[in-house]
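Chain by chain, the residues run as shown.
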Amino acid sequence: MKKGAIFDMDGLLFDTERIYREVWSSPAPGFVPEVHPAVAEAVCGTSGEHLQAILEHYYPGVDAPGYICWVLDRVADRLRYEVPKMPGCDEILSYLHANGVKLAVASSSRLNLIRRNLKNACIEHYFDAVISGDELESSKPAPDIFLIAAEQLGLAPEDCYVFEDGYNGIRAGAAAGCTTIMIPNLSEPTDEIRALCAAVYPGLPDALEAIRAGG
């Protein structure tokens with residue numbers, strides 16, 4: 001078993017990736033009157049300048065910072081009162097924590113939203129570190145967020161699991177040198193993504209079973 005475990009949030013701990021995709025796929029008055037069908041997948045797991053560059057590619061001339069704020073505000077409104085946890089979320093966190101594994105969340109979401117979601121879901125006490133992509137110059141697929149998470153846990157990247165559901169997160173975890181595990185949510189792994197993963201499991205309960213068995 002590794003000494004640390006770093007978790008993505010949306011689509012991995014919480015069933016929130018669908019909400020993000022619904023909002024990214026909706027017309028945004030004043031920003032995007034017609035939505036490009038590839039955007040919701042392309043922006044998954046990104047933040048900062050990388051996210052802005054993707055939006056400017058698909059929507060030339062768009063006010064990217066304003067559009068991003070528009071999306072994030074609407075997602076935050078929908079998550080204000082309920083944060084749906086993914087099956088197995090409590091069990092895997094409890095098991096790892098009880099066995100002395102240091103835990104971190106590394107998400108592209110706003111820091112205040114990450115902390116609010118963890119608190120509302122009653123799982124914030126498990127985590128030794130919380131890192132937001134908003135705090136970094138380079139977002140996923142760059143490895144920075146996972147390197148910083150490992151550093152804040154006081155561990156080398158190779159001593160950490162990374163649990164991710166998205167392509168950019170898998171690329172980032174692999175680039176960081178972590179043992180990267182995919183739990184697919186809305187995107188099934190491609191050949192490229194499978195090659196970057198130490199393992200792919202259908203859900204968190206399956207990942208927990210493998211860890212218990214020494215995987």
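Definitions and cut-offs
Residues numbered from 1 in each chain as written. Predicted model: local features only at pLDDT ≥ 70, side-chain atom pairs only at ≥ 80, totals over all residues. Heavy atoms only, no water. Disulfide = S-S within 2.5 Å. Buried < 20%, exposed > 50% of the residue type's maximum accessible area, 1.4 Å probe, protein only. Core = buried A, V, L, I, M, F, W, Y, C linked by side-chain atoms within 4.5 Å. Helix = DSSP H or I, 4+ residues; strand = E, 2+ residues; numbered from the N terminus. Contact = heavy atoms within 4.5 Å. Axes fitted to C-alpha atoms, helices over the stretch in contact; angles between N-to-C directions. Parallel < 35°, antiparallel > 145°, perpendicular 65-115°, else oblique. Nonpolar A, V, L, I, M, F, W, Y, C, P; charged D, E, K, R; others polar.

Participant: Explain the state of the cysteines here, please?
Facilitator: Summed over the entire model, instances satisfying the criterion amount to zero disulfides. Cysteine 69 carries a free sulfur, and the closest cysteine sulfur to it, the one in cysteine 44, is 19 Å from it. Sulfur of cysteine 178: no disulfide; nearest cysteine sulfur belongs to cysteine 160 and is 5.4 Å away. Under the relative-accessibility criterion, cysteine 178 is labelled buried at 9%.

Participant: So what exactly am I meant to see when it comes to the nonpolar core here?
Facilitator: Across soluble globular proteins, you tend to see nonpolar side chains buried next to one another. With 31 residues, the main nonpolar core has Phe7, Ile92, Leu93, Phe127 and Phe163 as its most contacted residues. Take this core: its biggest share by element is five residues, from helix α5 (residues 89-98). Those residues within four positions of phenylalanine 7 in sequence are excluded, and the remaining contacts are Leu12, Leu13, Ile92, Leu93, Leu96, Leu103, Ala104, Val105, Ala106, Phe127 and Phe163.

Participant: What am I meant to see in the packing of helix α3 (residues 48-58) against helix α4 (residues 64-78) here?
Facilitator: A pair of packed helices is captured by two measures, namely the crossing angle of their axes and the spacing between those axes. Across the interface, α3 lies against α4 with an axial gap of 9 Å and an inter-helix angle of 105 degrees. Regarding the angle of α3 to α4, the classification is roughly perpendicular. Residues Leu51, Gln52, Leu55 and Glu56 of α3 form the contact with α4, whose own contacting residues are Ala64, Pro65, Tyr67 and Ile68. Across the contact of α3 with α4, the residue classes tally to six nonpolar, one polar and one charged.

Read these as layout, nothing more, since geometry by itself doesn't imply function.
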